[in-house]
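Listed below are the residues making up each chain.
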Amino acid sequence: MANRIFVALDTPDLDRARALAQKVRHHVGGIKLGLEFFCAHGPSGIRAIEEIGLPVFLDLKLHDIPNTVAKAVQSLAGLAPAVLTVHASGGRAMLEDAKAAAHPSTKVVAVTMLTSLDEDDLAATGVAGSAHDHVLRLADLAREAGLDGIVCSGAEVKAAHAAWPKGYFVVPGVRPADGELGDQKRVVTPRMAADHGASMLVIGRPITRAENPDAAARAIAATL
Ligand SMILES: O=c1ccn([C@@H]2O[C@H](COP(=O)(O)O)[C@@H](O)[C@H]2O)c(=O)[nH]1
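Fair warning: this is a prediction, and the values are worked out from it, not measured in the lab.

(A) Molecular detail of the overall build of the protein chain. Helix and strand content of the protein chain: ten helices and eight strands. Its C-alpha radius of gyration of 16 Å places the protein chain within 12% of the 17 Å reference for a compact globule of 224 residues. Over its C-alpha atoms, taken along the principal directions, the protein chain stretches across nearly 40 × 40 × 35 Å. Restricting to contacts in the protein chain with at least 6 residues of sequence separation, those with at least 24 account for 66%.

(B) Fine view of the UniProt feature "active site" (unreviewed entry) in the protein chain. Here the UniProt feature "active site" (unreviewed entry) sits at Lys 61. With respect to the element layout, Lys 61 can be found in strand E3 (residues 56–62). C-beta crowding within 10 Å serves as the criterion here: with 16 such atoms nearby, Lys 61 is assigned to the partly exposed category.

(C) Examining the packing of helix H1 (residues 14–24) against helix H10 (residues 213–222) more closely. Closest axis-to-axis distance for the H1/H10 pair is 8 Å, and the angle between their directions is 45°. Classed by the angle they form, the pair H1 and H10 counts as oblique. For H1 against H10, the interelement crossing comes out right-handed. For the pair H1 and H10, contact is made by Leu 20, Lys 23 and Val 24 and by Pro 213, Asp 214 and Ala 217, respectively.

Reading the values: rules and limits
Residues numbered from 1 in each chain as written. Predicted model: local features only at pLDDT ≥ 70, side-chain atom pairs only at ≥ 80, totals over all residues. Helix = DSSP H or I, 4+ residues; strand = E, 2+ residues; numbered from the N terminus. Rg over C-alpha atoms; globule rule 2.2 N^0.38 Å. Contact = placed C-beta atoms within 7 Å. UniProt positions renumbered as here; feature names shortened; annotations may be inferred. Buried ≥ 20, exposed ≤ 12 C-beta atoms within 10 Å, placed from the backbone. Axes fitted to C-alpha atoms, helices over the stretch in contact; angles between N-to-C directions. Parallel < 35°, antiparallel > 145°, perpendicular 65-115°, else oblique. Left-handed = near helix turned anticlockwise from the far one by under 90°.

See the structure below:
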């Protein structure tokens, strides 16, 4: 199986992003670029990283009315990212329109519940019940809207995969057993995420903040 690790290059510095990508390229399967990088460099920055030759996951977590999201997705279609995110809570029409506007080769996946949130945070937003149920409900919505998959934590991916065997499951909040959590709350090890059905493991700081990012990526890949 191809390397499922996508390294999250969360930096506004293009040279640093490029240098990190070059360092770890032999031990990851792709690169994740998100808001921090995109707000600083836009489409030309994405193209610069795409030149490295690895698949790019564009994690913009789009969330707005259906027309606005569809037009944004259309504007990104020329970049043909391997994977693009929208927020599941945008609702069914937004999800359907996002998928229809995307490049045919792009997997559009819906963020369910951010891995930086726990059930107290969920309750504070007015959603009663467990993280597990919330994620599975939004996974159903994404599947019914014709999306390719979801983003969820490693704690829910096994159940989500069982309910949607052909889905594509992106799992961030991945930490080696002794890793610092930072702002992540729903966390699993790389091995657990992989064993429980993750299609992609998104790993940022445990690699990018390591003294030797190449060695860190290699060590994590060796556990899978
Ligand atoms: O629920 C989510 C959705 C996206 N992310 C993104 O993944 C990486 C994780 O980085 P780490 O440094 O490994 O914590 C980051 O880019 C987030 O924007 C997420 O963490 N949780």
